[in-house]
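Coordinates in review
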Amino acid sequence: MVALALAALLAVAPASVPQQTPPQNPPPQSQPADPAPVDLGEVEVTGRPLDSLIRSFVDEVAAPNRRRGIARWDDRICIGVANLRTEPAQYIVDRVSTVAEDLGVIPGEPGCAPNVIIIASDDPDGLARQLTEERRRAFRMGGSGMDRGGAALEAFVNADTPVRWWQVSMPANSETGERATRIPGECRDPCQSPEDYAPVISTFAASRLSTQIVDYIFRTVVILDIDQLDGVSGQQLADYVAMVTLAQIDPEADTSRYASILNVFEAPETADGLTEWDTAYLRGLYDAERTRKNLHAGTTEIADSIYQAHQQARAAEAGEEE
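Remember, predicted model here, so these are calculated numbers, not experimental data.

1. Here's the deal with the packing of aromatic side chains
Per the stated rule, a full pass over the model turns up eight aromatic pairs. Seen in terms of ring centroids, F139 and F156 are 6.1 Å apart; in terms of plane orientation they differ by 35 degrees. Their pairing is tilted. Note that F139 is positioned in helix α5 (residues 136–139) and F156 in helix α6 (residues 150–158), a separation of 17 residues in sequence. Grouping residues by exposure puts F139 and F156 together as buried. Note on W165 and Y240: the rings are 6.1 Å apart at their centroids and 70 degrees apart in plane angle, and the pair reads as edge-to-face. Of the two residues, W165 is situated in strand β5 (residues 163–173) and Y240 in helix α7 (residues 234–246); the sequence distance between them amounts to 75 residues. An aromatic cluster is built from F57, Y258, W277 and Y281, whose rings are joined through pairwise contacts.

2. Structural notes on the pairing of strand β6 (residues 213–225)
β6 sits mainly inside the fold: twelve of its 13 residues count as buried. The pairing of strand β4 (residues 116–121) with β6 spans six bridges and is parallel. From the neighbouring strand, A120 faces β6, where its bridge partner is L224.

Thresholds, definitions, all that
- Residues numbered from 1 in each chain as written.
- Predicted model: local features only at pLDDT ≥ 70, side-chain atom pairs only at ≥ 80, totals over all residues.
- Heavy atoms only, no water.
- Phe/Tyr/Trp six-rings, centres within 6.5 Å; stacked < 30°, edge-to-face > 60°.
- Helix = DSSP H or I, 4+ residues; strand = E, 2+ residues; numbered from the N terminus.
- Buried < 20%, exposed > 50% of the residue type's maximum accessible area, 1.4 Å probe, protein only.
- Pairing = 2+ DSSP bridges.

The following block contains the structure:
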């Protein structure tokens, strides 16, 4: 079963995003309800302006690929778990799927081809090295802007952490979903001219400030070190996995100044699950249009979304007190 799941996940990517083929009769995608206002707490006591603190958090945790914007999942996600008993495995699948659905991403039906695989191991270093050596192309496909580079992959292999993750994203045409980067060795028939080896992008609206090319996550591998998971609950682990699966999170981010699920292995008592900071970040990521050519605009959009949500929460509290 594990081999089949890995083979399905690590297959060569298709010509468009997302990777997963929709079911024959997919359920209609309902728009998520308006999220409740986000209260980030009395963070002003730190002496730093709230907007500055928010931007620092976004800059700290976001890990876009080199020279690319921040990526997120497009519209569908399918999660597979290997090497765990049925009950905890299903809990992780259900929890990550619920968080994804709250963000407008449709979870796959049972039996879907996984584009996220979560693997528990008592030898995570050996597993990571085996996967990256035997299926190198699945981790580094060779297309421009699709991963964080060779040094980051080596850090993934050697990470001495309870949870490690690797994501592959795809620059794509936001209008059509077609891939916007060339993968070595692929071409369109008849493969006789340079044009046959490069993707064709139809431009609908030319602009110096905006672009229709955005980045989508289409493959994630998460490895759990079972020897380092004893100090956290099932919900804490599942929410941590949800955070690093649904967003490009920097494995070396220092989030100790913030109330975040990303601190759970250093201080399990600080978060029972996703915190307001975490949910605000994810909402900001999935609300952002990401169509600005300036690569810093994506982080600015997310930070602005978090700030506005906090201000709405404060205004709602003030109204209740009157």
